[in-house]
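An overview of the molecular structure
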Amino acid sequence: MAAAWEEIRRLAADFQRAQFAEVAHRLSERNCIEIVTKLIAEKQLEVVHTVDGKEYVTPAQITREIRDELHVCGGRVNIVHLQQVINVDLLHIENRANDLVKSEKNIQLVLGQLINERYLDQLAEEINDKLQETGQVTISELCKTYDLPGDFLVQALSRRLGRIIHGQLDQENRGVIFTEAFVSRHRARIRGLFTAITRPTPVSNLITRWGFQEHLLYSVLEELVNTGRLKGTVVGGRQDKAVFVPDIYSRTQSNWVDSFFKQNGYLEFDALHRLGIPDAMGYIKKRYKSTQLLFLRAACVGQEIVDQVEASVEEAISSGNWIDVATLLPSSLSVEDVGILLQQVMRSLNKNSSGLIFSDTIVVSEKFLNSCANLFSDMMQQKAEKEMKNNPVNLITEEDLKQASSLENSYANKKDKKDERRRKATEGSGSVRGGGGGNAREIKIKKTKKKGRKDADSDEESQATSTGRSKQPEFPFMSQEEIQDILKTKIKDCPEELIEELAEHLVRPLTKTYQEVVRSVFTSSTSSSGATRRQTMKDLQEEFSNLYSNIRLFEKGIKHFTDETQSNLAKHLLKTVCTDITNLIFNFLASDSMMTTENYSTITSEVRAKILGKLPEDSKGPLSKLHTSLNGKCVEDFLSCLDSAVDICGIMVKKGDKKKERQVLFQHRQALIEQLKVTEDPALVLHLTSVLLFQFSTHCMLHAPGRSVPQIINFLSGKIPEDQHSLLVKYQGLVVKQLISQTKKTEQGDDNTTDNQEEEERAEAIRKELQEITTSIKDLVLRPRKSSVTEE
C-alpha cells in the first residue's frame, strides 16, 4: 500500500514538472483557426461558430442548451430568445429545434415557439380552474390570453378533457368548453322559462334578454322538446327567425285554421301571419298533406272552389256567353290570385272548350266573340259598297301622290325658270299620241330569260321598293272607340272594362275581314263589267302603240346630234315620253292589286317603287329593270327593257311600217304648226321653228327641251339657206336679251331709278324688234317652203 502511494506521488511530481516546463513548439491562434476551418471544409469536424466568432459550438451542445433553456423557461420558449442565449445564428437554432421536435414527441413547435407537454398540462390545469369558477370558457378568449392558435388549443385541450379538465366541449360549437354543472343550471333555466311561455316567442329575444349561450340553448331546447319535457315546437330551425310555439297555442291555431277552412274553403296567408304563423305556406302543406289544394300568391283554395269555378266557366263557354269569375270567389282574393286560379281552370278544361280571358277575371266564349264580330257584318258590306260607289277604283296611291307633290313643291320656287322652260319645251316638242295605222301588223315580242343574271337596280330604287313592301295597303274600318260605342249599344249588362278589351281585341280581326270584303266587292265590280274591261284593254293597247311609235321616231332624230347633245336629248326623252309609257304599264298592273289612279302621268318614282313591292316575284324583275332604266342615258336600253316587260301585261307591240311612220310624222308636224300659228311668245316661237326646220331638213321628229335650242340652230347651219340661218341666229340673240332683261327686272323689283328706266327702254326696243321679226321667223315654216340646202 505504501509503495502504491509512493508511485502516485512520483507520477504527480512528473505531471507537475511537465506542466511548468517550457514548450519548444506552440500553435498560434491564427494557425488554430486555419486548421479548424480546413477540418470543417473537409467535413472531418462538425462545429458552429458563435455570433461573435470567438467560440466554436457543436450541434449536440446547441441541442443540449436548447433543452436546458426550455426546462428553465417552464416548457415554453421562443426561438428568438434561444438565439440570444446560445449566441449562434438563428438558422442553426431553427435547424436544431426542428430536429429536436422530430426526435422528441413531447415537444412541439408552434408559431416559432417550443412547447412541451409539461407546459400544456400546466395550461390545462389553469384553464380547469377558470372553468370550474365560471362554468364555461371560450377558445377565443384562451387564444387571446395565451397567445396560441385556436386549432392547437382545441386539439391539446380535447386530449385532456376528463383527465385534467373536468368539463366537455360543445359538439355544435367547438369553441366553447363548459362544465356539467353549467349545463344542468342552464337546462333548468331553459326548462322553467319555456314552460311558462303561452304564446309564440322568438328565441333570439330570449337569448338576448336572459343571456343564454346560443348553441347550448338550441341543443338543450331540442333535447327537451324531443323527450316531451317541453310541450311545443321550434319553427324556423337554428336561425334568427326561429320561434318557439307552445302546444296550447298551436292547438288554438289549428282549431281556428281548420274551422275557417271548413267553412270557407280557402286560407289567406296574411290571416295566418296575423295568427303568428311565420311560414304560412309550409304550415298549410304540413297540416293538410293529404288534401288537394291550389296555392296562389297570397292564399290557397280547396278543390270545392276550383270545381265550382270550373263548372261555371264550362257552362258559360257551352252557352256562348261570358262570366266574371271574381263574383264567384271570396272578395278577399286579389285580382292576381283570381287570374292564377282562372288559368289553372282553363288548363284543366277540355281542349274543345274554347274561351278567352279578359281583364284577368272574365272568361268569354268564342261563340260570344263571333256574335260580337257578326254585329259589324252588315256595316262592313254597306261601307265597302259605299266606298266603291263613291270611288269606283280605290285610289290607294293618292296619298303617295300628295306626298310626292309636296316634296316637289318644297323646292319649286327655286326652279321657276327651269320649270317654265320645261313647260315650253313640252309644248314645243309636240308629243302627239296619235297615228298607228289600222293595217299595221301586230307582232308579239317574247320575253327571254337569262339564268344567273342579277338585276342592276340602283340604291334609290331598291330602297324605295323595300319601303313599299313594309307598308301594306289597308282600308280602315272603324277605330277602337267607334267599335266600343257600338258594343255598348248592342250588348247590355256588360262591364266597362270588358267592353274596352273586346273592342281592342276585335279591331284587328274586323279590319282584316273588312279588307277581304272590300276586295270581294272590288273583284265583283270588276268581273261584272267585262265589256268595260275589254274596252279599257283596247284603249291601253292603242295608247301604248302611239307612245311606242313616238319613242322610236324621236330616237331617230336624237341620233343626228353629237355625244353631249345626244345624251341630253336622250335624258329628256326618258324623263317625258318614256316615263309616260312606263307609268301606263305600272298603272295597268297596279289595278289588279287595287292600286291605280285615273291620271297615270301623276305617278312618281316613289309610287312606282311602291307598286313594285306589291307585284308577284315573277313580274318584279323585268319591271324593276324598266323602272331603273329611266334614270339612265340610253334610249335603246330602255326599249330593250320595255320589250321584256310588255309580255307581263299581255300588250301587243306594234312594229310600225313606213306608211305609219309617214302618218305620225305628218301629224306631229301639223300639231307643231298649229301651235306655232297661235303662239306669240318669242321663246316658244324660236323653239317650235327650230324643231320644225329640223324635221323639214332631216325628215325626223325631235323631242327637245328649250335649253337644247342653240344646239338645234347650230345643227341647222348648212342644212338650211344661209339667210334663214342668220335670221334664226339673230332672233335667238334677241330672245336671250329679252330673257336677261326680264331676269334683271325681277331681281331689281319696282324701284323707279334711272337705271330701271333705261332697262325698260332697252326691253321695249327688244320687244318691238322681236315683234317685227316674229312674222318672218314663222314664215320660215308657214309659207311655201324653199328647198333646203340638203335637198338641193
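Our subject is the structure listed above.
As the structure is a prediction and not an experimental result, all values here were calculated from the model. (Residues numbered from 1 in each chain as written. Predicted model: local features only at pLDDT ≥ 70, side-chain atom pairs only at ≥ 80, totals over all residues. Heavy atoms only, no water.)

This part is about the pattern of salt bridges. Oppositely charged side chains may form a pair once their charged atoms are brought near each other. One pass over the structure, following the stated rule, counts 18 salt bridges. Glu 6 serves as the salt-bridge partner of Arg 9, at 2.8 Å between the closest nitrogen and oxygen. With Arg 9 and Glu 6 both in helix 1 (residues 2-20) and three residues apart, the pair spans about one turn of that helix. Of the residues examined, Glu 6 reaches a relative accessible area of 46% and is grouped as partly exposed. Residues participating in the shared-partner salt-bridge network are Glu 7, Arg 10, Asp 14 and Arg 17. (Salt bridge = Lys/Arg side-chain N within 4 Å of Asp/Glu carboxyl O. Helix = DSSP H or I, 4+ residues; strand = E, 2+ residues; numbered from the N terminus. Buried < 20%, exposed > 50% of the residue type's maximum accessible area, 1.4 Å probe, protein only.)

Our focus in this paragraph is the packing of aromatic side chains. In the structure shown here, the tally under the stated rule is eight aromatic pairs. Pairing Phe 261 with Tyr 288 gives two aromatic rings, centres 5.2 Å apart and planes at 40°, and the pair type is tilted. Linking Phe 261 in helix 12 (residues 247-264) with Tyr 288 in the loop between helix 14 (280-287) and strand 13 (293-295), this pair joins segments that are 27 residues apart in sequence. Residue Phe 261 shares its accessibility class with Tyr 288, and that shared class is buried. Positioned over the ring face of Phe 295 is Lys 285, at 5.4 Å from the centre of the ring. (Phe/Tyr/Trp six-rings, centres within 6.5 Å; stacked < 30°, edge-to-face > 60°. Lys NZ or Arg CZ within 6 Å of the ring centre and 35° of its normal.)

Here we take up the side chain of Thr 138. Inspection of the secondary structure puts Thr 138 in strand 6 (residues 136-138). By relative accessible area, which is 19% here, Thr 138 ends up buried. Thr 138 has contacts with Gly 175 and Val 176, leaving out every residue within four places of it along the chain. (Contact = heavy atoms within 4.5 Å.)

By secondary structure assignment, the location of His 725 is in helix 32 (residues 722-748). Classification of His 725 by relative accessible area gives buried; the value is 10%. Residues His 725 and Asn 714 lie eleven residues apart in sequence; the distance between their C-alpha atoms is 8.8 Å. Beyond its immediate stretch of four places on either side in the chain, His 725 contacts Ile 713, Leu 716, Ser 717 and Ile 720. One polar contact links the side chain of His 725 to the main-chain carbonyl oxygen of Ile 713, over a distance of 2.9 Å. (Polar contact = N/O pair within 3.5 Å; in protein donor to acceptor, adjacent residues only side chain to side chain.)

Quick look at the environment of Glu 504 now. Position of Glu 504 among the secondary structure elements: in helix 23 (residues 496-528). For Glu 504, a relative accessible area of 53% translates into the label exposed. Considered as a pair, Glu 504 and Glu 481 are 23 residues apart in the sequence and their alpha carbons are 8.9 Å apart.

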